[in-house]
Amino acid sequence: MKTKLWAGAAALALVQALACQAHAEAAAAEAAATAVDEIVVLGRGETRQVQTVSGEELALEMPGASPLKLVDKLPNVNLQSADPFGSYEWSARISIRSFNQSQLGFTLDDVPLGDMTYGNHNGLHISRAIAGENVGSVELAQGAGALDTASANNLGGSLKYVSRAPSAEFGGQVAATAGSDNTYRGFVRLDSGELPTGLRSYVSYSYNTADKWKGDGKQKHQQVNFKAVQPIGEGSLTGWLNWSKRRENDYQDMSLAMLDRLGSNWDNISGDWDLIVRIAEIANNRGETGVTPAHPELGTTYPAPIVSADDAYYNAAGLRDDLIGAVTLDLPVAEVFKFRATLYGHNDEGQGLWGTPYVPSPNYGQAGATTNDAPISIRTTEYDLSRYGLVGSGTLELGAHSINAGVWYEDNEFNQARRYYGLNRSAPQRSFLDMQSNPFRTDWEYDFSTTTWQFHIQDTWTVTEALTLNAGFKSLSVENEGRTVFARTASLEKNGTIKAEKNFLPQAGVRYELNPDSELFAAYSRNMRAFPSSGTSGPFSSTKAGFDAIRDNLKPEISDTFEAGWRFRTGDFQGVLAAYHVKFKDRLFSVPVGSGIVGNPSALSNVGGVTAKGFEAVGTWNFAENWSLFGSYAYNDSTYDDDTFDGNGALVARTAGKTTVDTPKHLLKGELGYDDGAFFGRVSVSHLSKRYFTYENDQSVPSQTVADLAVGYRFSGSPMLEGLEAQVNVSNLFDEDYISTINSNGFPLRGDSQTLLPGAPRQVFFTLRKSF
């Protein structure tokens, strides 16, 4: 009840702030709006709920922070990560209006990034796609994503990132960061300036390294970004190429019982090999792993406080190498017609590693063996992705009508495998931060081919200066083909094709300008999510019998989104009030079976719908010279419409009327900023109400309130000092002990589960940057 009262008071305060500015002078309003719009644009002129954030905003975050941090403060955005940067991919999760990450659309300079899940089968995470310093802006659509978004996942909204343009002047930037847990980051960027042909370009390199904030391990990342723009008459030819190499040791997944018994600082036992070997042997002696024990003399009693082999694994890691690039031709063909086409390609190689006691190394228990004889091995999920595509569109201006049509095509070849690598009992001879080779066992290997076609057409009709109508539709067809390269057992074989196709996915919107400072908007959209081509998610993650049973009758997920709102600005204040109603049907339900490290096949079926409705408010107020206040509040009521039944009609879970998992009812964000040109700073606070992590709502994590601080100074007075900045960032300012990610191993039907990750404690970082 207190949370609801607080949230209601916050919304009322937002409206009162508007009212107190109602009679400000028009000149002040124009100047304030211009200043605000440089950082946050609250969708002015759009028929949908849209906000755009400048990449400059990311400069106040910890250097190395994920570009997802740009939208974290916007209404109904729930961003969680076990690290302070938001870039640790095993834990990074973003949800919007109850839709999770795999149900959102992500693009960079028109290029699709796929569903951005950890084992991504059709793209890559935005943190690997571009360095934060090179982000120009991001547009967030909470519901009705733009029709031209190249995404087969955007049921519940989209994020469209745009990289910064090369500077017209020769120059660059150098930055260095140091901080908690041996964090070090270096960044350098060089702009060519405008050359005689008009060509502008830049190239940048960044290097991050940090110890985990608990346990033993490193998290490293290197990136190279290149971009060039060549003017062609009134148009341009743009090319960019980005390379990324990420190496991350993982944190131990926790359950509520583990957190209560072991504490939030518990982690993988990567620094004590003898102890982890002893734990694995005891698990064998107890019969927990199904492995014949080789050393029964070690007994069956775990060393306190450990009570299970799943309490602590030896190590885990995520390794990803990416190369992604595109060429875009943007060309006015005539005064009334503009053409834009982007050709792109992306290659990814990755491995997800886990030290598993459930599969021993091949020589375990053999007399006289001294190599590959440990009671554990390295289990990997391996990824090899190669995709290319084309995104093209044309816009025709016919009087009051602006007609836009376009096409997106992508061919995606994805290889995925589950393999095991041996370890020596005396000491592990393999590093978890290296790509593994020479496996002793392969459980399965699949080749997937995914062909995507999307066509859209829309008309934006300026009926009068005050009234704008927008209407159109898209057709989306995604065909997934799976081929078994190798399967250790017949039940793991999966061969065949499944297709998701909808030829008419409409969208419509209206905007009415009440006056130059006030407008109403409303929109409707229908969207479809295609099936994943993956052995670990979607229809291909089931057994052979399971896949054969669902391939002909499984339906893709569909969402219908209605939203309406009011945008306004008065004096030094601008804001948005909006409401929405979403019907989500043919929900796909996948039940994780056993602990995540075992990797059992999941069960998948359509299980009914979800109804989500809510309210959003966001505002920015420049209440005094050099001072600004930003706030957003969202109320979300999202529930399952039906109980959950399996494909045979048997009741699986009583979910009707239950709140959707990982959906806080209340999200409240606030930010106080100061900038006088020299001194600058910001304190931000985020509050989320409790979140359920079981479908039957019998387990949840409590509410959380987390604050961050950034303060800095810009030097001046001499050529050496011009462009020099010093900045201090403090994450989790009040050292809140809270649970961040709540689905690292999926959501269970009911009961406790090892699928939680605590958030990082307070950490401090210092940065020096020099622009020239």
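All of these numbers come straight from a predicted model, not from anything done at the bench.

## Considering the overall build of the protein
When helices and strands are tallied, the protein shows 6 helices and 38 strands. On C-alpha atoms alone, the protein measures out to a radius of gyration of 26 Å, which is about the 28 Å that the 2.2 N^0.38 rule sets for 772 residues. For the protein, the spread of C-alpha atoms along the principal axes amounts to about 85 × 65 × 60 Å. In the protein, buried positions account for 57% of the 772 residues. In the structure as shown, the protein presents an accessible area of about 29200 Å², 56% of it carried by carbon and sulfur atoms.

## Topic: the confidence of the model for the protein
Across the protein, pLDDT averages 91, with 93% of residues at or above 70. Under a pLDDT of 50 for its full length, residues 1–37 has, in the predicted model, 43 contacts with residues more than four places off or in other chains.

## As for the environment of Ala131
For Ala131, the location among the structural elements is in the loop between α3 (126–129) and β7 (135–141). Ala131 sits in the buried class, given a relative accessible area of 1%. Considering only alpha carbons, one finds Ala131 and Thr460, 329 residues apart in sequence, at a separation of 34 Å. Other than its neighbours up to four places away in sequence, Ala131 contacts Ser206, Gln223 and Asn225.

## Observations concerning a nonpolar patch on the surface
Together, Phe170, Val174, Val188, Leu190, Val203, Tyr205, Tyr207, Phe226, Leu241, Trp243, Leu323 and Phe772 line one region of the surface with nonpolar side chains, adding up to about 1100 Å² of accessible area. Broken down by element, the residue count for the nonpolar patch peaks at 3 residues, all from strand β11 (residues 200–211). Residue position: Tyr205 is located in strand β11. Judged by its relative accessible area of 33%, Tyr205 is partly exposed.

## With respect to the pairing of strand β8 (residues 158–163)
Burial of β8 is extensive: 5 of the 6 residues sit out of reach of the surface. When strand β5 (residues 105–108) meets β8, the two strands line up parallel, connected through 4 bridges. Each residue of the ladder has a partner; that of Leu108, found in β8, is Tyr161. Of the pairings in the sheet, the one linking β7 to β8 comprises 6 bridges and is antiparallel in character. Within β8, the position partnered with Glu139 by the bridge is Lys160.

Conventions we followed
- Residues numbered from 1 in each chain as written.
- Predicted model: local features only at pLDDT ≥ 70, side-chain atom pairs only at ≥ 80, totals over all residues.
- Heavy atoms only, no water.
- Helix = DSSP H or I, 4+ residues; strand = E, 2+ residues; numbered from the N terminus.
- Rg over C-alpha atoms; globule rule 2.2 N^0.38 Å.
- Buried < 20%, exposed > 50% of the residue type's maximum accessible area, 1.4 Å probe, protein only.
- Areas by Shrake-Rupley, 256 points an atom, 1.4 Å probe, with all protein chains shown as cover.
- pLDDT = per-residue confidence, 0-100.
- Contact = heavy atoms within 4.5 Å.
- Patch = residues over 30% accessible without salt bridge, like charges linked within 9 Å, V, L, I, M, F, W, Y side chains within 5 Å.
- Salt bridge = Lys/Arg side-chain N within 4 Å of Asp/Glu carboxyl O.
- Pairing = 2+ DSSP bridges.

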